[in-house]
Amino acid sequence: MSLLKEDPLLLEAFRRGEPGALTRVYRAYSGHVARFLSRTYVSRGPGGLARVGPLDLEAAHQETFVRAFREQARHTYDGVRPYSLWLNALARQAAVDVLRAAGRIAREAVTLDDTPTAERLASNSPSPEDRALEAETRELVQRFLSGLDEATRRLADLRFVQGLSQERAGLVLGLSRQELRTRETKLRRAMTDFLVEEGWLTADAPNALPSAAATAAVMALLFPHFVP
Amino acid sequence: MALFTPHVDRQLVHLANEGVLPPRQWTRVLRHARGCARCGARYERVMNLRRMFARDTVTEPTPGELESLESRGLLAVLAAVEGEVSSESSRQAARADRLHKEYLEGAWSPGRRLWAWVLQTWNAPSLGQVGGAWVVSLMAAAGLLWLSLPSDTTREWGTRGEGQSAPVLRLFCVPEEAELREVRGQGDCPAGAALAFAAGVGAPYTHVVVTVRTEKGLRVEGPFEVKASPGSEAALDLTPKLPDTGEVELTAVFASSASEALAAARGEPVKDVVRVQHRVRIAGKP
């Protein structure tokens, strides 16, 4: 896909910085930039190759487009090369700056583009850290799914993995919307409990009622002479 | 036990279960998590879990993440670019950086902390289930706490005199480990500190937009509705962090509507706006 290459009018409007054109370009390439940032190793961090994690994705994504939409950048793009490659170069540099600002890589770190070719070649496959992270997360997911009965596992697959809507998942499973909601509530509660047990989340569930101590504190604040 | 936690555990549970959060809540969670090592690590683990569910890898964003980036990021990017176009001094100065948009949790004014605390409480999902009495109790407690703030703190945001109709903007330097102080004219503030703002308006002015220019670029913040009674001032929900060196130029544009304030801040011709400028040098010990 090369939106700007195929549409000269859009390219002209883009160069003039018209909001409508910028919006079209942003929408067309937002996913591409997010995926590129998430999967590409952009620098060497203290623990090896560094890439943008979920926490820094939004910052790096926005920084990329802010740089790409600057007047100078808009005019520098020649309209011949694929715009996605142009964005990749900007994204790589923006990612390094974001990671550097967040302290995840050294201030002196440079992009892998500026390192010798041999080191760049090594970045094409997942780093050992990412392999370990994936293995740990995958194992956690499998352990959670294996603790469910067959019907609930199917529901988890449709809703969490395949991302179907409740309506469509209900059709596939032959359940009414209300039945599906009830089962899904149980599934979500089971998942929360599982993550709390595994130490991934705290026990402070969103549906928890205020504790007696908290209630007493508020009562004491409101009614200083109140004695329960 | 703490009555309320400043962390985002509840939102992380929701994120783990749903994979997405409402846009504004997601922004708040990210802002907190990027400045909090504890919540940052948990956020990463939760999102990696969702990625594993959706894509079977941690290096591919989920559909929810992609959708959120597309919808939430566009406005910020366009605002940054428009700010660049309207900048008068130099093209190089136009870098609407997200890097400095990390709010200092510890540098918030007491009033803002309380307001955020009340908002966080109001947004908590459990409130809907515990009945109206609990909500009323919380709001009343928040009101009592507000009244019980130390008097010297309330003076910081106090009345500047009656009968004043021109908009005013007061600027405060908030060092990390020192007391907040007002910056007058071209004052100094140490590197790493945050700035805080108090604004007062009279009719017809109701909204203000603040542009923050550093050596690294220009950022447009707002519009903010100034909810202060005539003659008094209100804190703006804005605490930009100062860069390490250089100078920060702040311009507040007051107008009678949010759109007019924003348009004027972008450099468009708008009648009846008031501009207030401050310049802060990065100097002095933190």
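Scope of this entry: the structure provided in the associated data block.

**Points about the overall build of chain B**
Tallying secondary structure elements over chain B gives nine helices and nine strands in all. Going through the 286 residues of chain B one by one, you find that 52% of them count as buried. Surface summary for chain B: the accessible area is close to 13,400 Å², and the carbon and sulfur share equals 52%.

**Some details on unusual backbone geometry**
Residue and element names in this part refer to chain B. Although it is not a glycine, Asp56 sits at a positive phi angle of roughly 60 degrees. Mapped onto the elements of the fold, Asp56 is located in the loop between helix 3 (37-55) and helix 4 (63-86). Its identity as a non-glycine residue notwithstanding, Asp272 has a phi of 55 degrees, on the positive side. Within the secondary structure, Asp272 sits in the loop between helix 9 (258-265) and strand 9 (274-282).

**Things to note about the packing of aromatic side chains**
Here a ring pair, both rings aromatic, is described through the centre-centre distance and the interplanar angle of the planes. Tallied over the entire structure, the rule returns ten aromatic pairs over all chains. Cluster of aromatic residues (ring-pair linked, three or more members): Phe14(A), Tyr26(A), Tyr29(A), Phe65(A), Phe69(A), Tyr77(A), Tyr83(A) and Trp86(A). Above the plane of the ring of Phe160(A) lies Arg50(B), whose end atom (NZ or CZ) is 4.8 Å from the centre.

**A word on the nonpolar core**
With 42 residues, the main nonpolar core has Leu4(A), Phe14(A), Leu37(A), Phe65(A), Phe69(A) and Tyr83(A) as its most contacted residues. Looking at this core, the elements with two or more residues in it are helix 1 (3-6), helix 2 (8-16), helix 3 (19-39), helix 4 (54-68) and helix 6 (83-101) of chain A together with helix 4 of chain B. Looking at which element gives the most residues to this core, the answer is helix 3 of chain A, with nine residues. Those residues in contact with Tyr83(A) that lie beyond four places of it in its chain are Ser2(A), Leu4(A), Phe14(A), Val25(A), Tyr29(A), Ala68(A), Phe69(A) and Tyr77(A). Judged by nonpolar contacts, the second largest core, of 39 residues, contains Leu201(A), Leu30(B), Ala33(B) and Tyr43(B).

**Concerning the side chain of Glu233(B)**
Summarising the element assignment, Glu233(B) is placed in the loop between strand 6 (217-225) and strand 7 (234-235). Among the polar contacts listed, one links the side chain of Glu233(B) to the side chain of Arg170(B), at a separation of 3.0 Å.

**Side note on the sheet that holds strand 7 of chain B**
Residue and element names in this part refer to chain B. Ordered by their spatial adjacency, four strands build an open sheet running 2-1-4-7, and the pairing between neighbours is antiparallel. Two strands in the sheet have a free side with no partner beyond their single neighbour: strand 2 (181-183) and strand 7. Judged from the seven bridges that link them, strand 1 (residues 168-174) and strand 4 (residues 194-200) form a sheet pairing that is antiparallel. The residue bridging Arg170 from the neighbouring strand is Ala198, located in strand 4.

**Here we look at the state of the cysteines**
Residues and elements named next belong to chain B. If you walk through the whole model with that rule in mind, you get one disulfide over all chains. A sulfur-sulfur separation of 2.0 Å characterises the disulfide bridge that pairs Cys173 with Cys189. Residues Cys173 and Cys189 share a disulfide whose torsion about the S-S bond is about 80 degrees; that sign makes it right-handed. Of this pair, Cys173 sits in strand 1 while Cys189 is found in strand 3 (residues 186-189), placing the two residues 16 residues apart along the sequence. Neither residue differs from the other here; Cys173 and Cys189 are each classed as buried. Lacking any disulfide linkage, Cys36 is separated from the closest cysteine sulfur, that of Cys39, by 3.5 Å. Since its relative accessible area comes to 0%, Cys39 is described here as buried.

**Some details on the pattern of salt bridges**
Tallied over the entire structure, the rule returns 29 salt bridges over all chains. Among the salt bridges present, the one from Arg34(B) reaches Asp56(A), with a minimum N-O distance of 3.0 Å. Here Asp56(A) lies in helix 4 and Arg34(B) lies in helix 2 (residues 23-35), a pairing that spans two chains. On the basis of relative accessibility, which here comes to 1%, the residue Asp56(A) falls in the buried class. Glu150(A) serves as the salt-bridge partner of Arg153(A), at 3.1 Å between the closest nitrogen and oxygen. Of this pair, Arg153(A) and Glu150(A) are both found in helix 9 (residues 150-161), three residues apart, which corresponds to roughly one turn of the helix.

**A few points about a nonpolar patch on the surface**
Residues and elements named next belong to chain B. On the surface, Leu144, Trp146 and Leu147 cluster together into a nonpolar patch covering about 350 Å² of accessible area. With respect to the secondary-structure elements, Trp146 resides in helix 7 (residues 132-147). Taking relative accessible area as the criterion, Trp146 reaches 47% and is therefore assigned partly exposed.

**Re the packing of helix 4 of chain A against helix 6 of chain A**
All names here are of chain A. Running from N to C, helix 4 and helix 6 point in directions that differ by 125 degrees, and their axes come no closer than 8 Å. Taken together, the axis directions place helix 4 and helix 6 in an arrangement best described as oblique. The hand of the helix 4/helix 6 crossing is right-handed. Of the residues in helix 6, those in contact with Asp56, Ala59, Ala60, Glu63, Thr64, Phe65, Arg67 and Ala68 of helix 4 are Tyr83, Leu87, Leu90, Ala91, Gln93, Ala94, Ala95, Asp97, Val98 and Leu99. The class makeup of the residues in the contact of helix 4 with helix 6 is twelve nonpolar, two polar and four charged.

What counts, and where the lines are drawn
Residues numbered from 1 in each chain as written. Chains lettered and ligands numbered in written order. Predicted model: local features only at pLDDT ≥ 70, side-chain atom pairs only at ≥ 80, totals over all residues. Heavy atoms only, no water. Helix = DSSP H or I, 4+ residues; strand = E, 2+ residues; numbered from the N terminus. Buried < 20%, exposed > 50% of the residue type's maximum accessible area, 1.4 Å probe, protein only. Areas by Shrake-Rupley, 256 points an atom, 1.4 Å probe, with all protein chains shown as cover. Phe/Tyr/Trp six-rings, centres within 6.5 Å; stacked < 30°, edge-to-face > 60°. Lys NZ or Arg CZ within 6 Å of the ring centre and 35° of its normal. Core = buried A, V, L, I, M, F, W, Y, C linked by side-chain atoms within 4.5 Å. Contact = heavy atoms within 4.5 Å. Polar contact = N/O pair within 3.5 Å; in protein donor to acceptor, adjacent residues only side chain to side chain. Pairing = 2+ DSSP bridges. Disulfide = S-S within 2.5 Å. Salt bridge = Lys/Arg side-chain N within 4 Å of Asp/Glu carboxyl O. Patch = residues over 30% accessible without salt bridge, like charges linked within 9 Å, V, L, I, M, F, W, Y side chains within 5 Å. Axes fitted to C-alpha atoms, helices over the stretch in contact; angles between N-to-C directions. Parallel < 35°, antiparallel > 145°, perpendicular 65-115°, else oblique. Left-handed = near helix turned anticlockwise from the far one by under 90°. Nonpolar A, V, L, I, M, F, W, Y, C, P; charged D, E, K, R; others polar.

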